[in-house]
Amino acid sequence: MSAVSSRLPVFPWDKLEPYKATAAAHPDGIVDLSVGTPVDPVPALVQQALIDAANSPGYPTVWGTAELRDALTGWVERRLGAHGVSHANVLPVVGSKELVAWLPTQLGLGAGDRVAYPLLAYPTYEVGARLCGAEPVAYDDPAELDPTGLKLLWLNSPSNPTGRVLSQDELTRIVAWAREHGVLLFSDECYLELGWESEPVSVLHPDVCGGTYEGIVAVHSLSKRSNLAGYRAAFLAGDAAVLGELLKIRKHGGMMVPAPVQAATVAALGDDTHVREQRERYAARRTALRVALEAHGFRVDHSEASLYLWSTRDEPCWDTVAHLAGLGILVAPGDFYGPAGERHVRVALTATDERIDAAVKRLA
């Protein structure tokens, strides 16, 4: 066990504990804008679907019910603009983090293989590479990578932490490059429904992939768009051959989405009203926080989508974390996401309206 854990970086959030204690000591309590966990209610129709499926004594299947697969294919075509999506092109997973962490292992990667991910990125991409013994490689432009030994390329648009959105032209160029060099491309699109100043595009859109899903897979989650982080509801869509292989492996591993969660996912993907309502909540919080941060001397970079404001005072990120903790506001230091983030902090929009208002007042 120690041999495996020794491959991994120090769990970053542990470093934040002293600053969390400082922020918590504020007379009006902490405003936690660090982790990005949803705080708003699970939509009532989703809760009801979960309740109605509560009497599920048997084992669920890894591939999910036919109703779930219908919901996944229907949403991918309706929302992403994909064409000709069949059940073979979708696969439910037990939350997207599980998938990101264990995908390289499930693909059979190991020593001598390379896994690439953005220079500023969700730390679990690196963790997934290290768990299987592959070499993690951070990139600025994936098309500038040496394709030798490169087996898996991660895209993330909209980006966590920066909120940057890759344009349709950029995605098309990268997909073509990956196919030319035989590199499997996984696109983490979990924030796709949260575009503010830019409309995110999926790699599954025919104008990007040319109408074929060969060599590409998109990752989607209901955690943010439907407040279902506690449900662990996510799915893959794309290359049927890749997903078929993963399905075989995941059957052996018993990686099953619970039956009530499958039913809840069907309800969530079939309703757009709650998504619009949640977007409106986040949009209001985003506007209030951005105005307050900029008035306080911050510059907000990128952030045209997702649930974060990528913010800087042009100083080391931990100095900014300490400054805001003194105001009772906890944020994530940018270097959690790579050395390129050492002068930024990630400010999450995932706090109640009351706590966002408190942060705005303190920044003023």
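Throughout, residues of each chain are indexed from 1 in the direction in which the sequence is written. With pLDDT at 70 or above as the cut-off, local features in this predicted model cover only qualifying residues; side-chain atom pairs require 80 or more to be listed or tallied, and sums for whole chains, interfaces and linings still use all residues. Processing note: side-chain calculations cover all non-hydrogen atoms of the structure and skip hydrogens and water entirely.

## Regarding the pairing of strand β5 (residues 150-156)
With a 1.4 Å probe rolled over the protein chains alone, any residue whose accessible area is under 20% of its type maximum counts as buried; one over 50% counts as exposed, and the rest are partly exposed. By the criteria applied, helices consist of DSSP H or I runs no shorter than four residues and strands consist of E runs no shorter than two, each listed in order from the N terminus. Across the seven residues that make up β5, a large majority, six, are buried. Criterion used throughout: strands pair if DSSP finds at least two bridges between them. Here strand β3 (residues 114-118) pairs with β5 via three bridges, running parallel. The residue of β5 that forms the bridge with Arg-114 is Leu-150. Across five bridges, β5 lies against strand β6 (residues 184-188) in parallel orientation. The residue bridging Trp-154 from the neighbouring strand is Phe-186, located in β6.

## Some details on the sheet that holds strand β13 (residues 345-348)
Taken in spatial order, the four strands make up an open sheet running β9-β10-β13-β12, and their pairing is antiparallel. One side of each edge strand has no neighbouring strand; the edge strands of this open sheet are β9 (299-301) and β12 (332-333).

## Concerning the packing of helix α4 (residues 66-80) against helix α10 (residues 259-269)
Where α4 contacts α10, the two axes come as close as 9 Å, and the packing angle between them is 30°. One element, α4, and the other, α10, form an angle in the roughly parallel class. In this structure, α4 meets α10 at a crossing whose hand is left-handed. Together, Glu-67, Leu-68, Ala-71, Leu-72, Trp-75 and Arg-78 of α4 and Gln-262, Thr-265, Val-266 and Leu-269 of α10 make up the contact between the two elements. Between N-to-C directions, angles cover 0 to 180 degrees, with each direction set by a line fitted to C-alpha atoms, over the stretch in contact for helices. Oblique is the label for any angle not covered by the other classes, which are roughly parallel (under 35 degrees), roughly antiparallel (over 145) and roughly perpendicular (65 to 115). The handedness criterion is simple: a crossing whose near helix is rotated anticlockwise from the far helix by less than a right angle is left-handed, and one whose near helix is rotated clockwise is right-handed. Any pair of residues with heavy atoms lying within 4.5 Å of one another is described as a contacting pair.

## Description of helix α11 (residues 273-295)
One less than the number of residues in a helix, times 1.5 Å, gives the span that helix is expected to have. For α11, with 23 residues, the first-to-last C-alpha span of 34 Å sits near the 33 Å given by 1.5 Å per residue. Among all positions of α11, only His-274, Val-275, Gln-278, Tyr-282, Arg-285, Arg-286, Leu-289, Arg-290, Ala-292 and Leu-293 are buried. Residues of α11 that are buried make contact with α3 (44-52), α10, β9, β10 (308-312), β13 and α13 (353-363). Gly-297, located one to two residues past α11, shows a positive phi value of around 105°.

## What to know about the layout of surface pockets
Only protein atoms enter the 1 Å grid, on which a cavity is a set of points fitting a 1.4 Å probe that cannot get out and a pocket is an open set with protein on both sides within 12 Å along at least 5 of 7 lines, lining residues being those with an atom within 4 Å of a point. Grid points are joined across faces, edges and corners, and a volume is the space filled by probe spheres set on the points. Of the pockets and cavities examined, the largest pocket occupies roughly 1,100 Å³. If you go around the largest pocket, you meet 42 residues; those closest to its centre are Trp-13, Lys-97, Tyr-122, Pro-123 and Thr-124. Those elements that provide at least two residues to the lining of the largest pocket are α5 (96-106) and α6 (124-132). Space inside the second largest pocket adds up to approximately 370 Å³.

## A few points about the sheet that holds strand β8 (residues 234-238)
Read across the open sheet, the seven strands follow the order β2-β8-β7-β6-β5-β3-β4; overall the sheet is mixed. The outermost strands of the open sheet, each flanked by one partner alone, are β2 (90-93) and β4 (135-139). This sheet shows a mean twist of 20° between the axes of neighbouring strands, independent of strand direction. Sheet analysis places strand β7 (residues 216-221) next to β8, joined by five bridges and oriented antiparallel. Bridge pairing in β8 places Val-219 opposite Leu-236. Along the sheet, helix α7 (residues 168-180) contacts β5, β6 and β7; its crossing angle with β5, the most-contacted strand, is approximately 170°.

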